[in-house]
Amino acid sequence: MSIQVATQKKVSAQVTLSLLTQLSTLVGQAFAAHDLDPAFGKVVISQRRELGQFQCNGALAAAKQAGKNPRDIATVIVGELEKTGLFAELSLAGPGFINIRLQDDFLIGHLNELSADPGFGCQHGHQAQKIIVDYGGPNVAKAMHVGHLRATIIGESLRRLRVFLGDTVISDVHFGDWGLPMGLLIKEIELGQPDLVYFDVEYTGPYPDDGPVTVEELQILYPAASARSKEDPVFAESARAATFDLQNGRAGYRALWQHMRDISVGETKTDFDLLGAHFTDWKGEADTNDHMPLMLARLKEEGYSEISEGAVVVHVAEGTDKKKMPPLILQKSDGAVMYGTTDLATIEMRAHESDPDCILYVVDARQSLHFEQVFRAARKCNSIKPECQLEHIGFGTVNGKDGKPLKTRDGGVVRLRALIEDAIAEARKVITEAGISDRFAADELEDIATKVGISAIKYADLSNQRMSNYIFDLERFTKFEGRTGPYQMYAAVRIKSMLRKAADQGLTSGPLVATHDAERNLMLAIAALPEAVIAATEKNAPNILCEHVYALTQEFNAFYHDCHVLGEKDESIRASRLKLCEITLRQIELVLEILGIDVPERM
RNA sequence: GGCCCCGUAGCUCAGCUGGAUAGAGCAAUUGACUUCUAAUCAAUAGGUCGCACGUUCGAGUCGUGCCGGGGUCACCA
C-alpha cells in the first residue's frame, strides 16, 4: 500500500489541526514503511528558512539505532515522501537532514481548516480539567505593591489560557487576612483609640457599621505596627496574643477585622480591574477558620501531627532527601496557626468543595520551600486525592536598573498603582512626542494611553522567562519598536484600520491563494499556534505565547510591507490577502487576549 | 555550610524532548514614506554560550566539579 493513501486516511481521521503533527505523522509513516520507528519522523520548523520551511532530523537518530549511514536512510525517506505529491521541495543536506517545503495547496488547505476553527485547533485533543488558579495574594491593610505585579499578571494569563483550552477554572485571589499582621493592626489601632468598643471584652455588640479607620489610615498603621513590634517586645507579644484571640473568635476583634478586610478588598479591586484580573473567588486565609479545628483534630487523631519544641507540626522530611526539610508548623507554641496551616486547610476545603484535578499557585519563587512543605503535608495527610496535581508556579523578582529589587527613590516599597500610573503617563508622553495625539479626542487618547501603558508592563513581564528576574525599565517597555506590547498592538491596529477601509470601499475577502513568500511565511506563522499553546500550557510559560505573537506580528509587518492589499489590482489576490489579514487579526487578538492585553481600535 | 534559581552580543533577553553557520530587540552604521498608519520595513556590524572535564557521530542544551550573582534553610507572610 502506498503511504499516500494511508496518510490521507490517517490525517483526515485524526482531524488534527496542528501542521507539525500532520507532517510528523506523514514522515513517520515513511520511516515505518522501512521498518523504522515512526517517532523518527518528527518534523520541526526549519532553522534555516532558506533551505526549507520544515526539517526532519530523524534520519540521524535512526541511522545510529540501525547502524546504517544516515544519508542513505534520509535518501530512502525522501524517496518515499516524494510519492505523496504534497511537497514542493524535498532535499537532503548535511549529514542527513531532510528539508521540506510544502505545496501551496497543502499549506492553504491546512490554513482553511485551521482558521475555520475559532480556537485555531488549539483545544483539539485537550482533556478538560477542573483547575484552581491561586494568584494575586493581596494582604489586608497593605496597598498592593510591585511584588504583586507578577503574581497578578502571570496568574491571570494562566487562567485565561486554561479557560481558552476549555478547562473549568476557579480563580481565587486568596487574601492574606489571617496571620500576625492582623494582630499587629488590632493592637496598633487600640494604641491610638483605646476607648473603641472593639477592645471592650464586656461589650457584646452590636458594632458600628462604619469602622474606625480609613483605607489610607490603615496603610499607615501597618508599617507603624510592624516597626513597633520590632522595637517593643511587649507590643509584639500583645499582637501575637491578639492574633490568637482573633482566630479564636473574640467578637470585638472579629468586627474590627471584618471592617479592615472590607475596605482592603475594595481597594485591591481597583488595582485588579486596572490589570484586567478576574477572580471567581474572593476567599482568603480566614475562610479556613471553621475547618481549622476539624483538620487539626483529624491530623492529631490519625497520627500525622505531633508536638515538637512546643509547636504542633507535620514532619515532611523523606529518607531520600538531600536537603534539609523542616516540618510544616500547624500551630505555634502560643497556639496560633500560621500560613502553612491555612494553606493546608485551604487544600482540604478545595478538595471537598470543588474536587479539582489541579491547583496552581502563582507565587514568588522564594516561597518554593514553603510550598514543598505544604504539598508534602497534603500528600502525607491525605488532604486531597492523590491524582490532583499541586504545583507552585514560581517567578523571579522585578528589579530596578541597578539589578536589585525595585524600590522608590527613597528606598520604599513601590506601589502597584503608582507603577501602573507611571506606565500610562509614559505612554501618553510617547504618543504626544510622536506628534499624533491630535488625531484623537481626549477620551480616546486616554483609552489608548491606558491600553498602551498596561500592555507595555504586561508584555514585558510575560515575555521574560518566569523564573528569571527582570529589570523594570518603562522607557524601554513603552517603545513602539521591538519586542514590546505596543508593537504587537500596532500590528493589530494596522489590520483593523485596513479592514475598515476595505469595508468602506466595498471590498470583500475571498479564498486564499499564495503568490508571494511573505504570504506563505505569514501562513506558516499562523499555523504554529497550536504548538505554542501546548508548550505554554505544559510549562505554564506565557513567554512562549509572547514569542509566538511576536513572530506572527513580525511576519505580518513584513507582509504588509511587501504585499499591498487594498491597492492590489488582481481581484482574487486582493480578496485572498484580505482574508489573510482577517485571520491574522483574529489570531493576534486571540493570543493577546490570553496574555491579558486589550487592543484599541486605533492608535 | 546544605538546597533552589540564574550566568548566552556593549545593554535587555529567546533558544522547544541534544542536530547544520547560536537567534531577536535595543544601542551603532546604512537604505526605504506622492503608495493600505514610517509607532513600520530591509541591510551591515557585533559571540571562547561563566570555566573545566565527561557522555555522544554531534553539547548553549545532558552529567560531574568549580567560579560569579540572587534566594532560601521551623514558630513572619
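In this report, we go over the structure that sits alongside the text. (Residues numbered from 1 in each chain as written. Chains lettered and ligands numbered in written order. Predicted model: local features only at pLDDT ≥ 70, side-chain atom pairs only at ≥ 80, totals over all residues. Heavy atoms only, no water.)

## Brief notes about the pairing of strand β6 (residues 168–172)
When a strand is regular, its side chains alternate between the sheet's two faces.
Right, on to step 1. Counting buried residues along β6, four of its five residues qualify, which places the element largely inside the surrounding structure.
Right, on to step 2. Pairing of strand β5 (residues 130–134) with β6 involves five bridges; the strand directions are parallel. Within β6, the residue paired with Ile 132 across the bridge is Ile 170. (Buried < 20%, exposed > 50% of the residue type's maximum accessible area, 1.4 Å probe, protein only. Helix = DSSP H or I, 4+ residues; strand = E, 2+ residues; numbered from the N terminus. Pairing = 2+ DSSP bridges.)

## Overview of the sheet that holds strand β3 (residues 87–93)
Right, on to step 1. Taking strand neighbours across the sheet as the criterion, the four strands line up as β1-β2-β4-β3 in an open arrangement whose pairing is antiparallel. The open sheet has two free edges, formed respectively by β1 (43–45) and β3, since each of these has just one partner strand. On average, each strand axis in the sheet is tilted by 30° relative to the strand beside it, whichever way the strands run.
Right, on to step 2. Relative to strand β4 (residues 97–102), β3 runs antiparallel, the two being bridged by six bridges. Bridging from a neighbouring strand, Leu 90 pairs with Ile 100 of β4. (Axes fitted to C-alpha atoms, helices over the stretch in contact; angles between N-to-C directions.)

## So, the environment of Gly 176
Right, on to step 1. Relative to the assigned elements, Gly 176 resides in the loop between β6 and α7 (180–192).
Right, on to step 2. Excluding residues within four positions of it along the chain, Gly 176 makes contact with Pro 138, Asn 139, Val 140, Met 182 and Glu 285. (Contact = heavy atoms within 4.5 Å.)

## Details of unusual backbone geometry
Right, on to step 1. One non-glycine residue with positive phi stands out, namely Asn 382, at about 50°.
Right, on to step 2. As for its position among the elements, Asn 382 is in the loop between α13 (368–380) and β11 (389–393).
Right, on to step 3. Here the phi dihedral of Asn 540 falls at roughly 50°; this positive angle occurs in a residue that is not glycine.
Right, on to step 4. By secondary structure assignment, the location of Asn 540 is in the loop between α19 (529–538) and α20 (542–562).
Right, on to step 5. Of the residues examined, Asn 540 reaches a relative accessible area of 3% and is grouped as buried.

## Focus: the packing of aromatic side chains
Right, on to step 1. Summed over all chains, the structure comprises 16 aromatic pairs.
Right, on to step 2. Geometrically, the ring pair formed by Phe 556 and Phe 559 is tilted, given 5.9 Å between the ring centres and 45° between the ring planes. With Phe 556 and Phe 559 both in helix α20 and three residues apart, the pair spans about one turn of that helix.
Right, on to step 3. For Phe 556, a relative accessible area of 0% puts it in the buried group.
Right, on to step 4. An aromatic cluster of at least three residues, connected via ring pairs, comprises Tyr 135, Phe 272, Phe 279 and Trp 282.
Right, on to step 5. One Lys or Arg, Arg 228, reaches over the ring of Phe 235 and ends 5.7 Å from the middle of that ring.
Right, on to step 6. Above the plane of the ring of Trp 282 lies Lys 269, whose end atom (NZ or CZ) is 4.7 Å from the centre. (Phe/Tyr/Trp six-rings, centres within 6.5 Å; stacked < 30°, edge-to-face > 60°. Lys NZ or Arg CZ within 6 Å of the ring centre and 35° of its normal.)

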